[in-house]
Amino acid sequence: MIIANFKSNGSKEMIDCWVKDFKSQIQDNVASVGVAPPHIYIDKFYKSISQNDLENIKIGAQDVGAGSGPNTGSISSAMLSDLNCNFSIVGHSERRKNFKEDNALIKQKIENLISFKLTPVLCVGESLSDFEEKKTYTTIRMQLEECLKNISIPEDIIIAYEPLWAIGSGKTPSPNDVNQINEYIKDVVQSTTSNNYTPKVCYGGSVNVENAGSFFKCSNVDGALIGGASLDGKKFALIANKFNRNN
Ligand code: 13P
């Protein structure tokens, strides 16, 4: 799966331009494509892809609340489902850092998404200091265990490995390193969850048209979560084309 995370970017006009640009370049399978616009543009995005015969693109949210009711400003899984969403990103490092979200809250969000039959896209990854202190594997293990312990996960769950130092920096780990870490993630999830399911694992962090192919060739890289390069519909379609050619 190739997922666009627009983050806090976009406008009504941008969404219409993006969909036209994407359509002009995409070659075939849009079923492997997911897009997470800001919540407030999810319905606009849905209408725009429907008008352009691209309704097979999966729509998701960048985050979700842990439930509904008295939680001012929060968006619930029920609302995402009502707006034709298929998935929600949870545990993005920007949510962990800027909104002080911890693994216990992220676990609640995952359980709530699952109860509404929405696909969780769980982000994990190490900080620069963890990376420098060679704590990548221990950090990731802790995040996965605390977010997924004893949960029965759906077969379509996606884990996104996003090293914090690679996000928006133009730097990336080598494809070989990502491949090994993704394999480790699959093993940890398999042994942590109650149904012992092995998930799909994507890579995210400074993926662009030039470097995407080198990640897609790796056997344990099942897709990408893309920020900056996803804001241009043409570039994002070129990355999706590369993914589809490799699979
Ligand atoms: P960039 O692709 O801009 O590095 O962002 C990655 C990311 O955070 C996707 O969720």
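Above this note sits the structure.
Residues numbered from 1 in each chain as written. Predicted model: local features only at pLDDT ≥ 70, side-chain atom pairs only at ≥ 80, totals over all residues. Heavy atoms only, no water.

Enquirer: I'd love a proper account of the overall build of the protein chain, names of residues and values included.
Expert: When helices and strands are counted, the protein chain shows 10 helices and 8 strands. Computed over C-alpha atoms, the radius of gyration of the protein chain comes to 17 Å, within 12% of the 18 Å expected from 2.2 N^0.38 for 247 residues, which places it in the range of a compact globule. The dimensions of the protein chain, computed from C-alpha atoms along their principal axes, are 45 × 45 × 30 Å. Buried residues in the protein chain amount to 52% of all 247 residues. Long-range pairs, those at least 24 residues apart, make up 75% of the contacts in the protein chain with a sequence separation of at least 6. Taken as a whole, the protein chain presents about 11200 Å² of accessible surface, with 48% of it coming from carbon and sulfur. (Helix = DSSP H or I, 4+ residues; strand = E, 2+ residues; numbered from the N terminus. Rg over C-alpha atoms; globule rule 2.2 N^0.38 Å. Buried < 20%, exposed > 50% of the residue type's maximum accessible area, 1.4 Å probe, protein only. Contact = heavy atoms within 4.5 Å. Areas by Shrake-Rupley, 256 points an atom, 1.4 Å probe, with all protein chains shown as cover.)

Enquirer: So what's going on with the site of the ligand? Which residues, and what values?
Expert: Near the ligand lie 13 residues; those nearest to it are Lys7, His92, Gly168, Ser206 and Gly228. A distance of 2.9 Å separates an oxygen atom of the ligand from a polar backbone atom of glycine 227. Burial of the ligand by the protein amounts to 95% of the accessible area it has alone, namely 310 Å². Class assignment for the residues of the shell around the ligand results in 4 nonpolar, 7 polar and 2 charged. (Near = heavy atom within 4 Å. Polar contact = N/O pair within 3.5 Å; in protein donor to acceptor, adjacent residues only side chain to side chain. Nonpolar A, V, L, I, M, F, W, Y, C, P; charged D, E, K, R; others polar.)

Enquirer: Any details on the nonpolar core? Residues and values, ideally.
Expert: Of all hydrophobic cores here, the largest spans 64 residues; its most connected members are Phe22, Leu122, Leu144, Leu148 and Ile185. Ranked by residues supplied to this core, first place goes to helix α8 (residues 175-192) with 6 residues. If near-sequence neighbours (up to four positions away) are discounted, phenylalanine 22 is found in contact with Val30, Val33, Leu54, Ile57, Gly233, Lys234, Phe236 and Ala237. Counting residues in each nonpolar core, the second largest holds 11 residues, with Ile3, Val121, Cys123 and Ala160 among its members. (Core = buried A, V, L, I, M, F, W, Y, C linked by side-chain atoms within 4.5 Å.)

Enquirer: Could you give an account of the sheet that holds strand β4 (residues 87-90), naming the residues involved and the relevant values?
Expert: Strands sit in the order β1-β2-β3-β4-β5-β6-β7-β8 around a closed barrel of 8 strands; the barrel is parallel. With strand direction ignored, the average angle separating the axes of adjacent strands in the sheet is 25°. Where strand β5 (residues 119-124) and strand β6 (residues 158-161) come together, 4 bridges link them in parallel fashion. Across the sheet, cysteine 123 pairs through a bridge with alanine 160, a residue of β6. (Pairing = 2+ DSSP bridges. Axes fitted to C-alpha atoms, helices over the stretch in contact; angles between N-to-C directions.)

Enquirer: Can you break down the pairing of β4 residue by residue, with the values?
Expert: Along any regular strand the residues' side chains alternate between the sheet's two faces. What you see with β4 is no split at all: Phe87 and Ile89 on one side and Ser88 and Val90 on the other are buried throughout. Pairing of strand β3 (residues 58-61) with β4 involves 2 bridges; the strand directions are parallel. Within the sheet, the bridge partner assigned to glycine 60 lies in β4 and is phenylalanine 87. With 4 bridges joining them, β4 and β5 adopt parallel strand pairing. Among the inter-strand pairings, serine 88 is bridged to a residue of β5, identified as proline 120.

Enquirer: Any chance you could break down the layout of surface pockets for me, citing the residues and the numbers?
Expert: Considered as a void within the structure, the largest pocket measures approximately 490 Å³ in volume. As for the largest pocket, its lining consists of 22 residues, and the residues nearest its centre are His39, Gln62, Asp63, Arg95 and Phe99. For the lining of the largest pocket, the secondary structure elements donating two or more residues are α4 (93-98) and α5 (103-115). Per-element tally for the lining of the largest pocket: the top contributor is α4, with 3 residues. Residue classes in the lining of the largest pocket are distributed as 6 nonpolar, 10 polar and 6 charged. Roughly 250 Å³ of internal volume is contained in the second largest pocket. Met1, Lys58, Thr119, Asp156 and Ile158 are, among the 16 residues lining the second largest pocket, the residues nearest its centre. Broken down by secondary-structure element, the contributors of at least two residues to the lining of the second largest pocket are β5 and β7 (200-204). When grouped by side-chain class, the residues that make up the lining of the second largest pocket number 7 nonpolar, 3 polar and 6 charged. (1 Å grid on protein atoms, 1.4 Å probe; cavity = no way out; pocket = protein on both sides within 12 Å on 5 of 7 lines; lining within 4 Å. Points joined across faces, edges and corners; volume = space filled by probe spheres on them.)

Enquirer: Tell me about the environment of glycine 228, residues and numbers included.
Expert: With respect to the helices and strands, glycine 228 occurs in the loop between β8 (224-226) and α10 (233-246). Considering only alpha carbons, one finds glycine 228 and phenylalanine 6, 222 residues apart in sequence, at a separation of 7.5 Å.

Enquirer: I'd like to hear about the packing of aromatic side chains, residue by residue, with values.
Expert: Considering all chains together, one arrives at 11 aromatic pairs under this definition. Taking 6.2 Å as the distance between ring centres and 55° as the angle between the ring planes, the aromatic pair formed by tyrosine 161 and tyrosine 203 counts as tilted. A residue pair is termed long-range when its members are at least 10 positions apart, and tyrosine 161 in strand β6 and tyrosine 203 in strand β7 qualify at 42 residues. You'll find tyrosine 161 and tyrosine 203 in the same group, each marked buried. Geometrically, the ring pair formed by phenylalanine 216 and phenylalanine 243 is edge-to-face, given 5.2 Å between the ring centres and 80° between the ring planes. A residue pair is termed long-range when its members are at least 10 positions apart, and phenylalanine 216 in helix α9 (residues 212-216) and phenylalanine 243 in helix α10 qualify at 27 residues. (Phe/Tyr/Trp six-rings, centres within 6.5 Å; stacked < 30°, edge-to-face > 60°.)

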